[in-house]
Amino acid sequence: MRILHLAGRRLAASIPTLLLILIGVFLLLQFAPGDTVDAMMAQMGGGDAATARELRKFYGLDLSIPIQLINYLWKLVRLDLGFSSIYGKPVATVILERLPPTILLMTASLSFAFFAGLVLGVVAARAFNKWPDTLISTLGLIFYATPSFWFGLMAIVVFSIYLQWLPAGGFEDIGTGSSGIRRMLDIAGHLVLPTLTLGLIFLAIYLRIMRASMLEVLNLDFVRTARAKGLDETRVVVRHVLRNALLPMITLIGLQAGTMLGGSVVVESVFSLPGLGRLAYESVVQRDLNTLLGIVFVSALLVMAVNFVVDLLYARLDPRISAEA
């Protein structure tokens, strides 16, 4: 119960942050040139001033900025994300259609980066100043310093065009009409390259954090005591070192969730994935304010949910946290 109380208190503290994010994004978008009506009329090939005035009145764009903000927040309280003028359907419907690819991409990339970084970090720490440590650290530096879009483009050239092992983009093969296990495998095959592209940078961060944390914990007194009791090295690492060394890694998951959502914009654009990142880019280009604010709202909720789970895991791994709750 103490852990749940702590996590609930952290979750409640995130609500004002969510409100400030929405207000800040709304006000920033007002400084951008043009609005939704301008984008609509550009798609229609132009229109007269009277039509533009009627459209602005219909969408409430003729009101003052404070009134527009109050109206939007009031709709948000009623869980109404508004109507997308560009896509011609409610914003909630548009986001729900694009949410699964982004969640799958984030989950796969985060899992890959975390577990691969954990293993490589442990191996590097156990072989400190030896050739495995040097090789892993060098690879981590290369992954961290290389832009994700370059990784994506090179992966398409090598694995899709030259070797023809994996599809170059998209979420699934629509024309095949597959279902069940075959469809799952098809989606998994389409997500391999985007997952590697998005996850490699975060893998580099996790392995360096894990390596440094392992080296720090390995020199603590309780580890020397465990070794003095005659425990073998594998048991010492798994039962005593790893649990304490994981704390910075768990913390980093919550911090990197928002960054990974931002990185998905580039990856989804490179691989033509119909996710939230690509939808956000399209909404900015087309000045679809309601859709963009809805994406910000859902993205903030996702980050809050990830941090909620991280708080539970952190309190589970470190009893001192739950004791202070």
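Above: the structure in question.
Scoring rules and cut-offs
- Residues numbered from 1 in each chain as written.
- Predicted model: local features only at pLDDT ≥ 70, side-chain atom pairs only at ≥ 80, totals over all residues.
- Heavy atoms only, no water.
- Axes fitted to C-alpha atoms, helices over the stretch in contact; angles between N-to-C directions.
- Helix = DSSP H or I, 4+ residues; strand = E, 2+ residues; numbered from the N terminus.
- Left-handed = near helix turned anticlockwise from the far one by under 90°.
- Contact = heavy atoms within 4.5 Å.
- Nonpolar A, V, L, I, M, F, W, Y, C, P; charged D, E, K, R; others polar.
- Patch = residues over 30% accessible without salt bridge, like charges linked within 9 Å, V, L, I, M, F, W, Y side chains within 5 Å.
- Areas by Shrake-Rupley, 256 points an atom, 1.4 Å probe, with all protein chains shown as cover.
- Salt bridge = Lys/Arg side-chain N within 4 Å of Asp/Glu carboxyl O.
- Phe/Tyr/Trp six-rings, centres within 6.5 Å; stacked < 30°, edge-to-face > 60°.
- Buried < 20%, exposed > 50% of the residue type's maximum accessible area, 1.4 Å probe, protein only.

### Some words on the packing of helix α7 (residues 148-162) against helix α8 (residues 181-218)
Geometry of a packed helix pair, given as the angle between the helix axes and the separation of the axes.
Piece 1. Contact geometry for α7 and α8: axes closest at 9 Å, N-to-C directions at 145°. Where α7 crosses over α8, the two elements pack in a sense that is right-handed. Where α7 approaches α8, its residues Ser148, Phe151, Gly152, Ala155, Phe159 and Ser160 are matched on the opposing element by Leu193, Thr197, Leu200 and Ile201.
Piece 2. When its residues are assigned to classes, the contact of α7 with α8 shows six nonpolar, four polar and no charged.

### Here's the deal with a nonpolar patch on the surface
Piece 1. On the surface, a cluster of nonpolar side chains totalling about 1,200 Å² of accessible area is made up of Phe149, Trp150, Leu153, Met154, Val157, Val158, Phe159, Ile161, Tyr162, Leu163, Trp165 and Val266.
Piece 2. Per element, the largest residue contribution to the nonpolar patch is nine residues, and it comes from α7.
Piece 3. The residue tryptophan 165 is located in the loop between α7 and α8 in this model.

### Some details on the packing of aromatic side chains
Piece 1. For the structure on display, the rule yields five aromatic pairs.
Piece 2. Taking 6.1 Å as the distance between ring centres and 75° as the angle between the ring planes, the aromatic pair formed by phenylalanine 114 and tyrosine 206 counts as edge-to-face. Separated by 92 residues along the polypeptide, phenylalanine 114 in helix α5 (residues 91-126) and tyrosine 206 in helix α8 bring together distant segments of the chain.
Piece 3. Relative accessible area serves as the criterion here: at 0%, tyrosine 206 is assigned to the buried category.
Piece 4. With a centroid separation of 6.2 Å and an interplanar angle of 40°, the aromatic rings of phenylalanine 159 and tryptophan 165 are classed as tilted.
Piece 5. Taken together through their ring pairs, the aromatic side chains of Phe114, Phe115 and Tyr206 make up a single cluster.

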